[in-house]
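Observations on chain architecture
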Amino acid sequence: MLQTALHFSHTLLKEIIQVGDVVVDATMGNGNDTAFLAELVGSTGLVYAFDIQEQALINTEKKITELGLNNQTILLQQGHETVGKTIPEETELTAAIFNLGYLPKSDKQIITKPDTTKKALDALVARLKRKGRIILVVYYGHAGGEAELALVQKYSQQLAQEEYSVLTYQFINQKNNPPILFCIEKK
Ligand code: SAM
């Protein structure tokens, strides 16, 4: 059976992340990706996880504590647009993941936005190491979602093909706007 966009995002991360790597969860939410990344990088690696909602940090802290993953995780109550001033310029990132949209079962008004997503992408692309990947799983069925999808599409399409490969993964015959995955890989 074909993998969902969410499942495929983990497959694409698992393929490249090794113990000791430094990676980013740009949209922490309930910490599912943060925990997944922290398992992959192991105790010698590092996950920087960002979210603007206090509840996201509380939920994620609880999750990673239960799993014993605190050592390799830095949880930040900051927008991902601050990634450039938070992660040293010389740090080489193996991967970053975004789940764009709102946190299910939470305040639907708190959504990711095109301008801050672009700012984060600029900083992450600059720190991405060769063969590294930035993955965006874009939920776009809500108000404001289409504009963010358009930004991600335009941003990825404009990356020079000599330097980056960009993939999209999408179910095109499903109802209710299933998420679309983008993967930017540095050559
Ligand atoms: N990956 C998460 C998980 O595993 O539960 C789900 C992420 S949810 C679709 C989107 C998240 O982005 C929300 O928790 C929201 O608070 C967060 N968010 C919104 N604007 C943000 C920003 N500028 N920087 C970081 N996170 C932001």
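Residues numbered from 1 in each chain as written. Predicted model: local features only at pLDDT ≥ 70, side-chain atom pairs only at ≥ 80, totals over all residues. Heavy atoms only, no water.

Neighbouring residues of the ligand: 21 residues in total, closest T27, N30, D51, Q53 and H80. The separation between a nitrogen atom of the ligand and a polar main-chain atom of H80 is 2.8 Å. Across the complex, the protein chains shield 95% of the 610 Å² of accessible surface that the ligand would expose by itself. When the residues that make up the shell around the ligand are grouped by side-chain class, the tally is seven nonpolar, 11 polar and three charged. (Near = heavy atom within 4 Å. Polar contact = N/O pair within 3.5 Å; in protein donor to acceptor, adjacent residues only side chain to side chain. Areas by Shrake-Rupley, 256 points an atom, 1.4 Å probe, with all protein chains shown as cover. Nonpolar A, V, L, I, M, F, W, Y, C, P; charged D, E, K, R; others polar.)

The description of two aromatic rings rests on the distance between their centres and on the angle between their planes. Applying the stated criterion across every chain, the model contains two aromatic pairs. Judged by centre distance (4.3 Å) and plane angle (35°), the rings of F8 and Y169 are tilted. Placement of F8 in helix α1 (residues 5-16) and of Y169 in strand β6 (residues 164-169) is noted, with a sequence separation of 161 residues between them. Assigned by exposure class, F8 and Y169 land together as buried. Aromatic pair Y169 and F171: ring centres 5.8 Å apart, planes at 80°, arrangement edge-to-face. Under the relative-accessibility criterion, Y169 is labelled buried at 17%. Through a chain of ring-to-ring contacts, three or more aromatic side chains come together here, namely F8, Y169 and F171. (Phe/Tyr/Trp six-rings, centres within 6.5 Å; stacked < 30°, edge-to-face > 60°. Helix = DSSP H or I, 4+ residues; strand = E, 2+ residues; numbered from the N terminus. Buried < 20%, exposed > 50% of the residue type's maximum accessible area, 1.4 Å probe, protein only.)

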